[in-house]
Each structure stands twice: as structure tokens, then as C-alpha cells.
Amino acid sequence: MTPGPDAPDPYDEMSAAGGGVREHYRPFGDWLERTAADRIAQKREEAERAFHRVGITFAVYGEQTGTERLIPFDLVPRIIPANEWCVLEAGVKQRVHALNLFLRDIYHDQKILNAGVIPAERVLGNSEYRREMMGMDVPGDIYAHIAGIDLVRAGYGDYFVLEDNLCVPSGVSYMLENRKMMMRLFPELFATRSIRPVQHYPDMLLENLRAVAPHGMESPMVALLSPGAYNSAYFEHAFLAQQMGVELVEGQDLFVQNDCVYMRTTRGPQRLHVIYRRVDDDFLDPHAFRADSVVGVPGLFRAYRAGNVTLANAIGTGVADDKSIYPFVPHIIRYYLAEDPILNTVQTYLLYRPQDRDYALAHLDELVIKEVHGAGGYGMLIGPASTLKERDDFRARILAAPENYIAQPTLALSTCPTFVASGLAPRHIDLRPYVLSGRDTDLVPGGLTRVALGEGSLIVNSSQGGGTKDTWVLADPSGTSHA
Amino acid sequence: MLSRTANELFWMARRIERAENTARLLDVTYRTSLLPYQVLEPGLEWAEPWSVPLISTGLATAYYKRHPELSAENVLRYMILDAGNPSSIYCCLRGARESARSVRGAITSEMYEDLNTAWIEMREYDYERVQAVGMSVFLDWVKMRSHLFRGVTFGTMLRDEAYHFIRLGTHIERADNTARILDTKYHMLLPSAADVGGAVDYYQWASLLQSLSGFESYRKIYSDVISPLRVTELLVLREDMPRSLHCCINFINETLSLLCNEDSRELKRLADEMYVRLHQGRTEDIIRYGLHEYLMDFLARVSALGDEINRRFLVPSN
């Protein structure tokens, strides 16, 4: 490919710069060409109906209570060739492994801080740092049992890590349901048996959760703790609990006695050992954290500290996925693993540093400004798409609290053809693979591909109108190692 | 099983059953309201056929707070579509679907999809649309959704505790509702005492039988004209009649045998007592005692049983 001199067009996943279809998209491209437009339109409707009936929805905050929406599903898959996946897989495993070592360290000896690799106040002064976790051992030294690593492809096609999600990453149910939907709508596409399966994710998750039971016990009772049916990710909570065959519990179903956690059941109290919790740290235990939490379990933290129950993810992981820690992750990898990072990190300006701040304020129209604790695509300024007023507004906010902001160059995220009202058009995408740690660190070949449906939009978050695609990781054509 | 889960399953089943029986109740009211009929004393509102569903469900007071006037349209709006009436068909289908959604893991995906579809379709109805498709067609649709749900449950669900709580909810609600529907006959006035056993009386009993899907069974079993004594026997005491009180109590008793342990003796005792009364009961005695009085006593017992199920399984204190 022959990219332009300065700003290349965004990298397109399907079409090479000359207009030809990339090798790994060819079978799909041929199929697309052969398949009548009205059949595809009919399948799109079928998919929408099925998602509604099955109730694969997410609740929308701020709208009428109980409003549920579909996340738009696009029929054009995101396809990743085997050689690229090898690198991504090794890269995210390396990253999560190092982040777990980092979390263990900052809640114990703090060697990395004493060595001056990361400024201590960035960690210890971070609002996500949980002093309560100091000196506490967690089974297997695993803190981030489930990690969602957001990747984007930019520039000439290199992958970058955009951010780490180590608290309660969501979206994996869409990865699974999207695959199920594609196989149901277009079984012929899977007949070549070159697309690697992802459906064993729930089994892998359960295995990892069981592996971190207290005291290495053999048959632990595992449950998924959800804030309840009005949470935006409730469908996913119910789905995963069902797929794993574990109880879906809410705070009101649990109580703590003698530092042990019990479920209220029709046959009396039943002891619980591992909790896959989809409730944020702050709301887990009104005795230990926010007293106004109604979705937590009073006394849970004491039981946790006593080692009688395992929480996945551990409390206090938020400090490691903070955007102000993000630029240090390459150092973290080198420090603990003595390896070079496999994946690229986006150049990041920390605005509490005067020289970074000066640069950023002078280039607001080129950069992306993010809140350190922001999530969901909120609290962002995308420089090139911003108005003067928005930039002035951010300038004032940065100057008022520079430590709350970082800046990054605006990445030209790769695009993938996507069905829109006018037909197929390129839309920007990202990728979130889900890395599981417990027995070891591993992931299923795939992830959630999110797509920004607005023309030119870079915001893929479902709360802001993003859609999803099925993600195909292709088997190694030599057909050896992969199931 | 989590007590909360058992509670949601129990109420999911009760709500679907209630939606179905509300449809049956409105059906019998609708049929009898078409009979030639005269109100003897204008102003005696409770004598109107459309007051009957309100009286037998205990909703009359709540209704009159909302609608000062009694009319067919108002009663239908209240019983079918009113989001402020927790027993309306609308609220029952919404509540059943909400319960199912909150315990999706405990039921099969087919069951959830079925309730979700029922709710999505229900949302499309307003009074005008119900009128346009026809009252009977709409009420049949409600019954059919309930049949479908039962069938999907029967055909897909593991016979585990969750299944038993669903079954328990269905039959507690049905026992209650059959008794109430049967009691409507007590509230339907006849033009005069001389009309007992007359044409209007006959048609009232016949519509009641039809609304409980008992008309054809009646013909099959008795091959004879409709008599109050036999209708009572069929709908109270016959254990092979799926909506009869006896049959419901049999199901409840069987299910409780599977769920109860040594801690739930009182619950089992209450159920056994009801079983014995129905198993040993005689139609003549019921009629002599008074069918209305008998049904009121039965409803009180069902309610006590429900309270004990609650205490024991659904909302236990630690």
C-alpha cells in the first residue's frame, strides 16, 4: 500500500489503499457480492426482531425508568487474520499479567514506587487507590480477574492500546450474542471452519473464578452479584450467570454472619465463596464504603479481608486503569517482566506537568482531552471536531484542575464497512478483548468490536449511539495450534 | 434456590394466571351482559352485570375512586388497560415479564421470550384497538398467551425447585380465581325469584361454565341439562376438572410435598386440611351451607396458605 505523505486516509479493515479487498476479507467480500441486497436487508430485520424478542437490551439512564434499547448490530464482521491475533493475544496477556503484579505490589511493598518508576503521589494520592487493601493477600495474587483491554488500529495499521478496564468491564455478552446471531443468520459463512469459536468464554470464566476460591477449596459456591434489573448491564449479568450456571444475586439476597457471606435461600442460609461482582467498589459494602449504597452487602468487606470470600475483580483495581497511570504501563511491563511491551501505547500528555500542559493548551484543536476518571466517552474533547467555545471551556477546566486531565493525539481509528441508511459506508471501530486471570492468564480468540455509527464519529460507546459487530479471528491457515 | 428468585417465579406464574382468569371473568360478564336483562331498581348499581367483576375481585372501591360511573367501557378499561390497577391484564403481563426479566437465569430462554413477546404485543393495545379487534378476540388472545406460557414451561423447563414454585403460583392463583368466578353467580341478580331455574338462570350458569372451559366437560360427564348442583360438583369437587378447586388443591398439595421439609409442617398441615375438605366434601352439604359462604371460607383458607408460603419460602427473615 502507498499511503499519502502526511495524513493518510484511515486504515480500512476490508479494503487496501488501492481499493482491492484485503486477503483475509476475500471470502467474505465474495459472499457479500454474491448475496442479494434484499436478502441482507431481510436478515438485518430478522436480527433486530430476534434481539428484541430475546431481550438483548441495555437500560438507558436518564430516560423513563425501565426504558430498554437495542445496541445496533451490524452484519459486516470485523475480521482479524491469524498472524495479527498472535501479536494482540501475546500483547494483552503480557499487559494484564504486569498490571496484576503492579496491583499486588502497590498494596504490599510498593517496590515500584520506591524505585521511582512511577511518582508515588500518582498512585497513593489517586482517588481509586484503596488504603483498606494494604497488606491484604488475595488468592493467587490476582486482582484483575476480568480485564477488558481497548485496542484501536490507527495510522498505517498499527494496533494501540487505548485504555485498560480493570474494574467491571462489560460487553462480553454482546461478543457472544453477536456470534450466535451471525451463525444463525448466515450459517454458510461458517462452513469453511476458519473462524475460531468464542462460545467457551463462560466456561473459561467459571474455571478462573473457581480457581481463586478461598483457601484453594475444591467446590466453591460461586455467584454473580448484580445491582439489579435496572442496571444498564443487567442483561449481561443475567446472561453470564445463566451461561455459567451460577446464582445471580443482588445485595438483598446476601448477608454476612461471623465474617462469612450467606445467600438467603428457600432452604435456609447457604455459604458463598466466590463473588463475581458487577457492583462498583464504592457500593459494595455500606459499612466499609459509601453508607448510602442500597445494592451492597453490609459486612462484605470484613468477610473479604478475613479471607472467607473472594471478590472478582478485587477491590482497588481502579487505580491501575486510571488514565494518568496509562502512560506508565510500558514502564510497569519492563519493571516487573523485564520485557519490552508488545503493544503500542498512545503518546499521552499528563497535564499536571507544566510543559505537557503548555503544549496541550497550545494544540487543543489537534488533541483529544480526556478526564482521568472519565468513562463511556463522556467528559472528552475531540480537538479537530470541537468548536472554539468547547475548547475555551476545556481550557478553563484544565487550568482549574490540571491533574484531572490528559491529552493524546487524535488517532485516525481504522474503519470497517458498515450498513448505514445509504448502504455500506466506512465507520470507525475499536476492539475490546476480555482477558481472564485466575488459573492462568488467557482469553478467547475474539472480543467486542464497537463501531461509531455517525459519519466521521470516533465515539464507539453504546451509551452514545455506538453499535457492535461480530469479531472473527481466523484460524492459522497452517491449521496447527488452534481449536 | 434464592428466596427472592422463588418469590419472583411464584408471582410471575400468579400474574399470568391472573391475566387469564381476568379475561375469563370479563368474558362471562360480557356474555351475561348480552342476555335480555332488566335492572329492577335503578340506582342499585351493584345489580348491574358490569359491577360483578369488580365485586368478585374486591376491586369495587378502587374502581369507584377512579370512575364515579359504572359502565361497561369503564370497567373494561379498568380491568384490561389501567396501569394504576395492579390486577389489570396490562399490569399482570407487565409484572410477569418484569419478574421473568429479574430471574432470567432461573427460567428457560423460551419462557422469557414468550413473556417478552406477550408484553411487547400488549403494549400495542389501547381501548380503541381492543374494540377494533373485538372484545372476545382480545380476551381469547390473553387466554392463549397464558396457555402458551404454560406449554412452554411444561415443555422446556427442568423439573427443579424453580418449576415447583411456578406450579405452586399457578395453582394458588387459579384456586383463588376459580372460586371468585364461581361466586359471580351469587351476585348476578335474576329478574325475580320465580326466575330461579328459568331461562336467564340457565344462561347465567351456562356462561359461567363456558368461561371456565367447563361447558364441554359438563356435557360429556352429565349428558344432561345444566343444574346448579352439578355445576358446583364439577367446579368444586371433581378432581379431574383442571380448573376445579379440588384439582388445584391436589396440585398444590403434591408440589408442597416436594418443597416442604420438617420446618414447614404448618404449611403442609394447612394444605392437607384443604385437601381433606374437598376430597371428602359433598355437593349437597355445600349447597345447604350456601355456595357463597363456602367459597368465602375457601378464599380465606387460600389466602392463609399464601401467607404461610410467603413466611416459609419467599420472604424469610434470616
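Residues numbered from 1 in each chain as written. Chains lettered and ligands numbered in written order. Predicted model: local features only at pLDDT ≥ 70, side-chain atom pairs only at ≥ 80, totals over all residues.

Novice: Can you tell me about the sheet that holds strand 6 (residues 222-225) of chain A, naming the residues and giving the values?
Specialist: Backbone hydrogen bonds hold the strands of a sheet together, and the pairing may be parallel or antiparallel. Residue and element names in this part refer to chain A. Read across the sheet, 4 strands follow the order 7-6-11-12 without closing on themselves; strand pairing throughout is parallel. The open sheet has two edge strands with one neighbour each: strand 7 (247-249) and strand 12 (310-312). Each strand of the sheet is rotated relative to its neighbour by a mean of 30°, with strand direction disregarded. In the sheet, strand 6 pairs with strand 11 (residues 274-277) via 4 bridges, with the strands oriented parallel. Within strand 11, the residue paired with Leu224 across the bridge is Tyr276. Where helix 8 (residues 234-244) meets the sheet, it contacts strand 6 and strand 7, and its direction lies at approximately 150° from that of strand 7. (Pairing = 2+ DSSP bridges. Helix = DSSP H or I, 4+ residues; strand = E, 2+ residues; numbered from the N terminus. Axes fitted to C-alpha atoms, helices over the stretch in contact; angles between N-to-C directions. Contact = placed C-beta atoms within 7 Å.)

Novice: Give a detailed account of the interface of chain A and chain B, specifying residues and quantitative values.
Specialist: Each partner contributes to the interface: chain A provides 17 residues, whereas chain B provides 18 residues. Mapped onto the side of chain A that touches chain B, the elements with two or more residues apiece are helix 2 (37-54), helix 8, strand 7 and strand 9 (260-265) of chain A. Each residue belonging to the side of chain A that touches chain B can be placed in one class, and the counts come to 8 nonpolar, 5 polar and 4 charged. (Nonpolar A, V, L, I, M, F, W, Y, C, P; charged D, E, K, R; others polar.)

Novice: Would you mind going over the sheet that holds strand 17 (residues 405-409) of chain A in detail, with residue names and values included?
Specialist: All names here are of chain A. In space, the 4 strands of this open sheet follow the order 14-17-15-16, with antiparallel pairing throughout. The sheet terminates laterally at strand 14 (349-350) and strand 16 (380-382), the two strands that pair on one side only. With 3 bridges joining them, strand 15 (residues 367-371) and strand 16 adopt antiparallel strand pairing. Looking at the pairing, Ile369 lines up with Leu381 of strand 16.

Novice: Please set out unusual backbone geometry residue by residue, giving values where relevant.
Specialist: Residues and elements named next belong to chain A. The omega angle of the peptide bond from Ala312 to Asn313 is 0°, so this bond is cis rather than trans. The backbone of Gln110 shows a phi angle near 60°, a positive value even though the residue is not glycine. By the secondary structure assignment, Gln110 is in the loop between helix 3 (82-106) and helix 4 (111-114). For His215, which is not glycine, the phi torsion reads 55° and is therefore positive. Here His215 shows up in the loop between helix 7 (201-211) and strand 6.

Novice: Help me get a handle on the nonpolar core, residues and values and all.
Specialist: Leu99, Ala223, Leu224 and Val261 of chain A together with Leu9 and Leu93 of chain B are the most contacted members of the largest nonpolar core, which has 199 residues in total. Tallying contributions element by element places helix 1 (residues 3-33) of chain B first for this core, with 12 residues. Contact partners of Leu93 of chain B, with chain neighbours within four places excluded, come to Ala19, Ala118, Trp119 and Met122 of chain B. Membership of the second largest hydrophobic core comes to 15 residues, among which are Leu367, Val368, Phe394 and Ile406 of chain A. (Core = buried A, V, L, I, M, F, W, Y, C linked by C-beta atoms within 7 Å. Buried ≥ 20, exposed ≤ 12 C-beta atoms within 10 Å, placed from the backbone.)

Novice: Break down the pairing of strand 5 (residues 158-165) of chain A for me, citing the residues and quoting the values.
Specialist: All names here are of chain A. Counting buried positions over the 8 residues of strand 5 gives 6, a clear majority of the element. By the bridge criterion, 7 bridges tie strand 4 (residues 146-154) to strand 5 in an arrangement that is antiparallel. Residue Ala154 lies in a different strand from strand 5, and its bridge partner there is Asp158. Note: strand 5 against strand 13 (residues 344-345), 2 bridges, orientation parallel. Counterpart to Phe160 in the pairing with strand 13 is Asn344.

Novice: Report on the pairing of strand 20 (residues 434-437) of chain A, specifying residues and quantitative values.
Specialist: Residues and elements named next belong to chain A. Because side chains alternate across strand 20, one face comprises the buried residues Tyr434 and Leu436, and the other comprises Val435 and Ser437, equally buried. Relative to strand 20, strand 4 runs antiparallel, the two being bridged by 3 bridges. Among the inter-strand pairings, Gly148 is bridged to a residue of strand 20, identified as Tyr434. Note that strand 20 and strand 21 (residues 441-443) share 3 bridges and pair antiparallel. If you follow Ser437 over to strand 21, its bridge partner there is Thr441. Hairpin connection between strand 20 and strand 21: a loop of 3 residues separates the two successive antiparallel strands.

Novice: Describe in detail helix 5 (residues 89-102) of chain B, supporting the description with residues and values.
Specialist: Because each turn of an α-helix spans 3.6 residues, side chains separated by three or four positions end up pointing in the same direction. Residues and elements named next belong to chain B. An ideal rise of 1.5 Å per residue puts 20 Å on 14 residues; helix 5 measures up with 20 Å between its terminal C-alpha atoms. Counting buried residues in helix 5 gives 12 out of 14 residues, a clear majority hidden from the surface. Looking at helix 5, one finds that the buried residues are Ile89, Tyr90, Cys92, Leu93, Arg94, Gly95, Ala96, Arg97, Ser99, Ala100, Arg101 and Ser102. Those residues of helix 5 hidden inside the fold are in contact with helix 1, helix 4 (72-81), helix 6 (109-122) and helix 8 (135-156). (Expected span 1.5 Å × (residues − 1).)

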